Amino acid sequence: MENKNLSIIIVGVGGQGTLLASKFLGNAAMLSGRDVKVSEVHGMSQRGGSVVTSVKIGEKVYSPVIDRGEADFMLSFELCEAARWLSFVKEGGTVITSTQEIMPMSVILGQTEYPGNLLTALSSSNTKLLTLDALKIAGECGSIKSVNIVLCGVLAGLLSDIPEELWLRALKATVPEKFYEVNEKAFLRGMELAKSRA
Amino acid sequence: MDKEIRLMLGNEAVARGAYEAGVSVVSSYPGTPSTEITEFVSKYDPKEVYCEWAPNEKVAAEVAIGAGVAGARAMCCMKHVGLNVAADPLYTCSYTGVNGGIVFVVADDPGMFSSQNEQDTRFHAQSSHVPVLEPSDSRECLEFTKLAFAISEEFDTPVILRLTTRVAHQRSLVELGERVGTAKAYSKNIMKYCMMPAMAKERHKYVDERQRRLEAASADIAAAVIPNAVNYAPDSRRKPGIVTSGISYQYVMDVFKDVSVLKLALTYPLPAELIKEFAANVGEVIVVEELEPFIENYIKALGIPCRGKELFTNQGELGTFAVRKAYYGEEAAAGSLGEPVNIPGRPPVFCPGCPHRAVFYTLSRMGLRVCGDIGCYSMGAQAPYNGLDSVVCMGASVSMAHGMTWAMRVNDKVDRQKTVAVIGDSTFMHTGLNSLVDVAYNKGISTTIILDNSITGMTGHQPNPAMGYTIRNEKTVATDLVLLAKAMGIEDVTVVDPFDMKAFRKAVVDATERDCPSVIIAQRPCALLKSVKFPGPAAIDDSRCIKCGACLRLGCPSLSRSADGAVVLDATQCVGCGNCFELCPKGAIGR
């Protein structure tokens, strides 16, 4: 975290584990001794709707919510959601997205179409784009539920000034003990991937 | 020793504040965005803090008032519309005052993330003459909760702690403190606690006198918890001065540079002298607040010109973008990456395996009028079901269906249609009970379908009185819904599994044919309950699938069409509930 203030927006579909990701990043920021605020969405949107959470880290953080044009990083669990929230990323910011596609109900019912050119649109925006099949990687690590931790691992790999040991301590504080091992594996795979693409 | 620092959800910080303040009794009804407060309270030692899910907010408030009058510190938590239900005890508790401190935590939902309206709790505070505190982050959630108990006892009044969604559901850093044990002696006092006309007249005088004392103390109360509530910019008289509170303060600090800021902790009663002094030392006064112009109206009533709602909308929530755009104009606010184009919306949907999907799939094909209620099943109003005619408030489905059927019976100019109500088990226990008594007592003929999924679903799985266990997972008696309906005088009661779509349809056809009140209990637990086991993902036999799309009309997120028109099943989502098996004319879906 070279920059003094850092804003990370996490987007996905309700049920994909965005809340746990934001809690994990928040815990890591706290352990690093910085001010941090996390904004979450509970309730109705968790039922398969579009969800967005914010993590803001810095010397002194005021609003917990990331608004348009404010995010340094986007962690996206789903392609269409990355496009939906793209305007919340700063010019020159980084978009990390899983290539998973989940059909909205209007697409299932044939009322709309799932956009076909999302990767092109994302890569032609003025951002750095990093795509990965987080679902596949999570599956290889032992649980498709650890998609969130794979994505956090990628982010951690790009943020050089928080040491790995501190991230793992934060992970331990975030996930239940019996799932720690699989999540550690998922996290390290994400980190590796970020470094191999850097 | 350094104090322990934690990254805490606003709602958890309220629970922590209450715990540190020595709260003994907490009673609440779940409602987004307030639910987690009481869930966090339930994690404290049961020997120190009793807590419960009450059947509704009115009951919860009365439990808290009882505990407070007995001498213990007590709290009740609810969402904004919950305070409408609990308004009755609040207004009179303002007269009786307290003994041990009594705090109402009320969470407003600007932007309606999970609500049926936007309302501003501060007006309830004003008309009941109850002070209201507005925290803006987790540290303040913790500190203001403790302060609320102190004010309650010092001024002999219930106190409202008003949260909004972005305060309740943000995490920020808090410092933990120690719990203080506390209780007041009880002495019988009919003049104070028995509000009959003669006593209430005296207590009304007390309320007005207390109001004057609170007004006089309001600036000091605010300063006690926010030492830097007033911040003057250099050369402040030439620059705007912003008055704000709650989450809006955080937006103001991010958006405005080089302005003076007055941050209010106590927004009712407001500190007149402090505001006058601030206004005298700044240029134009700007008020930034979400929802209604509460602070703004007060400042204008003091004779101080200011701008608020002419800049910042009363609809939805504010945010740094909205505040910047309203004050500095579109260009200053626009993000450089522009707006998304042609992205299909993604509203929430019934989860795979949800019992409500089968209910609405069936009901939407029967040509009925359906009065809906508050819960996950409100989503039955959406495509593909379009299965509801109304959603108003908790319990309204049952009474509205009764009103509709009576309107059809007495006035032949009113359009006739067979009418049913759908209501969840928790919502039924909340206020549907009273409505069903009305149907039975007043010779109704409507059909009430209780969607008994054995949990309070939308708010994230809280037990209710029909389930047989408490908030702390202790076994208890379960209200028997069949016996309950019969005890009200409704003879025609059917229990059916909505996954058996033919049986469910027949039950609804039969019940709506008869000219008597009826209850159908559609019983199947929420698919997300840990105790519910599904066989695992189904599969589509592509050689048998004729791509007709009959299964897609179920509205299940695990079934969709691929680009070539074939139906595909998403094995990461499908739980194998089997609803779609019987819809397929070719039997192409199975395990």
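Everything numeric here is computed off the predicted structure, so don't read it as measured data.

With that settled, the discussion passes to the overall build of chain B. Counting its secondary structure elements, chain B contains 20 helices and 23 strands. Computed over the C-alpha atoms, the radius of gyration of chain B is 27 Å, within 12% of the 25 Å expected from 2.2 N^0.38 for a compact globule of 591 residues. Here the C-alpha coordinates of chain B stretch approximately 80 × 65 × 60 Å along the principal axes. Within the span of chain B, comprising 591 residues, buried residues form 60% of the whole. Taking the contacts inside chain B whose residues are at least 6 apart along the sequence as the reference set, 75% of them involve residues at least 24 apart. Carbon and sulfur atoms make up 52% of the accessible area of chain B, which amounts to about 23,500 Å² in all. Seen as two clouds, the 60 positive and the 66 negative side-chain charges of chain B have centres 4 Å apart.

This part is about the pattern of salt bridges. Going through the model one piece at a time under the given rule, you end up with 42 salt bridges over all chains. Of the charged contacts in the structure, one is a salt bridge between A:Glu40 and B:Arg171, with a shortest N-O distance of 2.4 Å. Of the two residues, A:Glu40 sits in the loop between strand 2 (35-39) and strand 3 (50-58) while B:Arg171 sits in strand 8 (residues 170-175), which places them in two different chains. Both residues of the pair, A:Glu40 and B:Arg171, belong to the buried class. Here B:Lys184 makes a salt bridge to B:Glu153, at a shortest N to O gap of 3.7 Å. Here B:Lys184, found in the loop between strand 8 and helix 9 (190-193), pairs with B:Glu153, found in helix 7 (residues 138-155); they are 31 residues apart in sequence, far enough to count as distant. In this structure B:Glu153 comes out as buried when scored by relative accessible area, which is 17%. Each of B:Asp108, B:Asp120, B:Arg122, B:Glu134, B:Arg162 and B:Glu289 takes part in a single network of salt bridges with overlapping partners.

The next thing to look at is the interface of chain B and chain A. Across the contact, 57 residues belong to chain B and 58 residues belong to chain A. Where chain B abuts chain A, roughly 4,700 Å² becomes buried across the two surfaces, and 61% of that area is made up of carbon and sulfur atoms. On the chain B side of the interface with chain A, the three residues burying the most area are B:Arg171, B:Leu337 and B:Arg346, jointly 19% of the side's total. Our enumeration of links across chain B and chain A arrives at 5 salt bridges. In this structure, the salt-bridge partner of B:Arg324 is A:Glu70, at a minimum N-O distance of 3.8 Å. Linking chain B with chain A are 15 residue pairs in polar contact (both at pLDDT 80 or more), by the criterion used here. Elements with a minimum of two residues in the side of chain B that touches chain A: strand 1 (5-9), strand 8, helix 11 (246-255), helix 14 (320-328) and strand 21 (559-561) of chain B.

With that settled, consider the pairing of strand 19 (residues 518-523) of chain B. All names here are of chain B. The element strand 19 is largely enclosed, with a buried count of 5 among its 6 residues. Pairing between strand 17 (residues 447-452) and strand 19: 6 bridges, direction parallel. Bridge assignment links isoleucine 449 to a residue of strand 19, and that residue is isoleucine 520. Considered for its hand, the β-α-β crossover made up of strand 18 (residues 492-496), helix 20 (residues 501-513) and strand 19 is right-handed.

By domain assignment, chain B separates into domain 1 (5-221), domain 2 (230-332), domain 3 (355-523) and domain 4 (533-591). Placing a centre on the C-alpha atoms of domain 2 of chain B and another on those of domain 3 of chain B gives a separation of 46 Å.

Right, let's talk about helix 13 (residues 294-301) of chain B for a bit. The set of residues buried in helix 13 of chain B consists of B:Phe294, B:Ile295, B:Glu296 and B:Ile299. Where helix 13 of chain B terminates, the next one or two residues include B:Gly303, which has phi positive at roughly 85°.

Glancing now at the side chain of A:Ser63. One can find A:Ser63 in the loop between strand 3 and strand 4 (71-76). Take A:Ser63: its relative accessible area is 0%, and that puts it in the buried class. Of the polar contacts made by the side chain of A:Ser63, one reaches the backbone nitrogen of A:Val65; its length is 3.1 Å. With residues up to four places along the chain from it excluded, the contact list for A:Ser63 reads A:Lys56, B:Gln250, B:Tyr251, B:Asp254 and B:Thr320.

All names here are of chain B. Strand order in this open sheet of 5 strands is 9-11-10-13-14, and the pairing throughout is mixed. Two strands bound the open sheet, and with one partner strand each, they are strand 9 (230-231) and strand 14 (306-307). Pairing of strand 10 (residues 241-245) with strand 13 (residues 285-288), which is carried by 4 bridges, proceeds in the parallel orientation. Within strand 13, the residue paired with threonine 244 across the bridge is valine 288. The sheet contacts of helix 11 involve strand 10, strand 11 (260-264) and strand 13, and relative to strand 10 the element is tilted by about 140°.

Strand order in the open sheet made by the 8 strands is 6(A)-5(A)-4(A)-1(A)-3(A)-2(A)-8(B)-1(B), with mixed pairing throughout. Each edge of the open sheet is held by one strand with a lone partner, namely strand 6 (128-132) of chain A together with strand 1 of chain B. Mean inter-strand twist for the sheet, computed between neighbouring axes without regard to direction, equals 20°. Note: strand 1 (residues 6-13) of chain A against strand 3 of chain A, 8 bridges, orientation antiparallel. Each bridged residue has a counterpart across the sheet, and for A:Val13 the counterpart in strand 3 of chain A is A:Ser50.

Now for unusual backbone geometry. Residue and element names in this part refer to chain B. Looking along the chain, the bond that leaves tyrosine 268 and enters proline 269 is cis, with omega of -10°. With respect to the helices, strands and loops of the structure, proline 269 is situated in the loop between strand 12 (266-268) and helix 12 (272-281). Here alanine 383 and proline 384 are connected by a cis peptide whose omega angle stands at 5°. Here proline 384 is to be found in the loop between strand 15 (369-371) and helix 17 (396-410). At methionine 112, a residue that is not glycine, the phi angle is positive and equals roughly 45°. Non-glycine residue histidine 129 carries a positive phi angle of around 60°. Note that histidine 129 resides in the loop between helix 6 (122-128) and strand 6 (132-133).

Conventions used here
Residues numbered from 1 in each chain as written. Chains lettered and ligands numbered in written order. Predicted model: local features only at pLDDT ≥ 70, side-chain atom pairs only at ≥ 80, totals over all residues. Heavy atoms only, no water. Helix = DSSP H or I, 4+ residues; strand = E, 2+ residues; numbered from the N terminus. Rg over C-alpha atoms; globule rule 2.2 N^0.38 Å. Buried < 20%, exposed > 50% of the residue type's maximum accessible area, 1.4 Å probe, protein only. Contact = heavy atoms within 4.5 Å. Areas by Shrake-Rupley, 256 points an atom, 1.4 Å probe, with all protein chains shown as cover. Lys, Arg positive; Asp, Glu negative; His and termini not counted. Charge placed at Lys NZ, Arg CZ, Asp CG, Glu CD. Salt bridge = Lys/Arg side-chain N within 4 Å of Asp/Glu carboxyl O. Buried area = accessible area lost by both parts, 1.4 Å probe. Polar contact = N/O pair within 3.5 Å; in protein donor to acceptor, adjacent residues only side chain to side chain. Pairing = 2+ DSSP bridges. Right-handed = clockwise from strand over helix to strand, strands pointing away. Domains from an automatic or database assignment. Axes fitted to C-alpha atoms, helices over the stretch in contact; angles between N-to-C directions.

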